[in-house]
Amino acid sequence: MSEIKVEKPVDSGDYIEEKVVLDNSPDLGDKTGEIFLNHLEEAIGRCRELIGQGFRLVDFWSDPDQGIQFILKKKKK
């Protein structure tokens, strides 16, 4: 079953970086893809929460072996 996690913030110089990851574990009972889409919506919702805290989406990528990763950054004050 796929899992969504928000990794611990990383201090990258002038910015704080957050990653939202939707892993690639299959949901064996998901014959239509609906469960995957629900998890993707949840990951996007977590990104929106971070955007509400001043972060901005700077990158995303997907890999068939690892899943989907969203990278958000916020400038330090």
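Numbering of residues starts from 1 in each chain and follows the order in which that chain's sequence is written. The predicted origin of the model limits local features to residues at a pLDDT of at least 70 and limits the giving and counting of side-chain atom pairs to 80 or more, whereas totals for whole chains, interfaces and linings rest on all residues. Hydrogens and water molecules were not included; the side-chain quantities draw on all heavy atoms of the structure.

Engineer: Account for the nonpolar core, naming residues and giving values.
Structural biologist: Residues Ile-4, Val-20, Leu-22, Ala-43, Cys-47, Leu-50, Phe-55, Ile-68, Phe-70 and Leu-72 constitute the largest nonpolar core, which totals 10 residues. Counting residues per element, the ones that place at least two in this core are β3 (15–22), α1 (34–52) and β5 (67–75). Look past the residues within four positions of Leu-72 in its chain and what remains in contact with it is Ile-16, Glu-17, Glu-18, Val-20, Cys-47, Leu-50, Ile-51, Phe-55, Arg-56, Leu-57 and Val-58. Side-chain atoms within 4.5 Å are what join buried Ala, Val, Leu, Ile, Met, Phe, Trp, Tyr and Cys residues into a set we call a nonpolar core. Think of it in three bands: residues with accessible area under 20% of the maximum for their type are buried, residues over 50% are exposed, and the middle band is partly exposed, with areas taken using a 1.4 Å probe on protein chains only. Segments assigned H or I by DSSP are reported as helices when at least four residues long, segments assigned E as strands when at least two residues long, and all are numbered from the N terminus. Contacts: residue pairs with any heavy atoms within 4.5 Å of one another.

Engineer: Give me a nonpolar patch on the surface: which residues, what numbers.
Structural biologist: A residue counts toward a patch only above 30% relative accessible area and without a salt bridge, and it is joined to like-charged neighbours within 9 Å or, for Val, Leu, Ile, Met, Phe, Trp and Tyr, to nonpolar neighbours within 5 Å. Residue exposure ignores everything except the shown protein chains as possible cover, and the areas themselves are Shrake-Rupley values with a 1.4 Å probe. Here a salt bridge means any side-chain nitrogen of Lys or Arg lying within 4 Å of a carboxyl oxygen belonging to Asp or Glu. Residues Ile-51, Leu-57 and Phe-60 make up a contiguous nonpolar surface patch of about 300 Å² in total accessible area. Position of Leu-57 among the secondary structure elements: in strand β4 (residues 56–63).

Engineer: Outline the packing of aromatic side chains, listing residues and values.
Structural biologist: Within 6.5 Å between ring centres, the rings of Phe, Tyr and Trp (the latter by its six-membered ring) count as paired, and their orientation is classed by plane angle as stacked under 30 degrees, edge-to-face over 60, tilted in between. Counted according to the given criterion, the structure contains one aromatic pair. Positioned above the aromatic ring of Tyr-15 is the side chain of Lys-73, whose terminal nitrogen or guanidinium carbon lies 5.9 Å from the ring centre. Two conditions define a charge located above a ring, namely a distance within 6 Å from the ring centre to NZ of Lys or CZ of Arg, and an angle within 35 degrees of the ring normal.

Engineer: Could you give an account of the pairing of β4, naming the residues involved and the relevant values?
Structural biologist: What makes two strands pair is DSSP finding at least two bridges between them. Of the strand pairs in this sheet, β4 and β5 are connected by seven bridges, and their pairing is antiparallel. When the sheet's bridge partners are listed, Asp-63 is paired in β5 with Gly-67. Turn length for the β4-β5 hairpin, with the two strands adjacent in sequence and antiparallel, is three residues.

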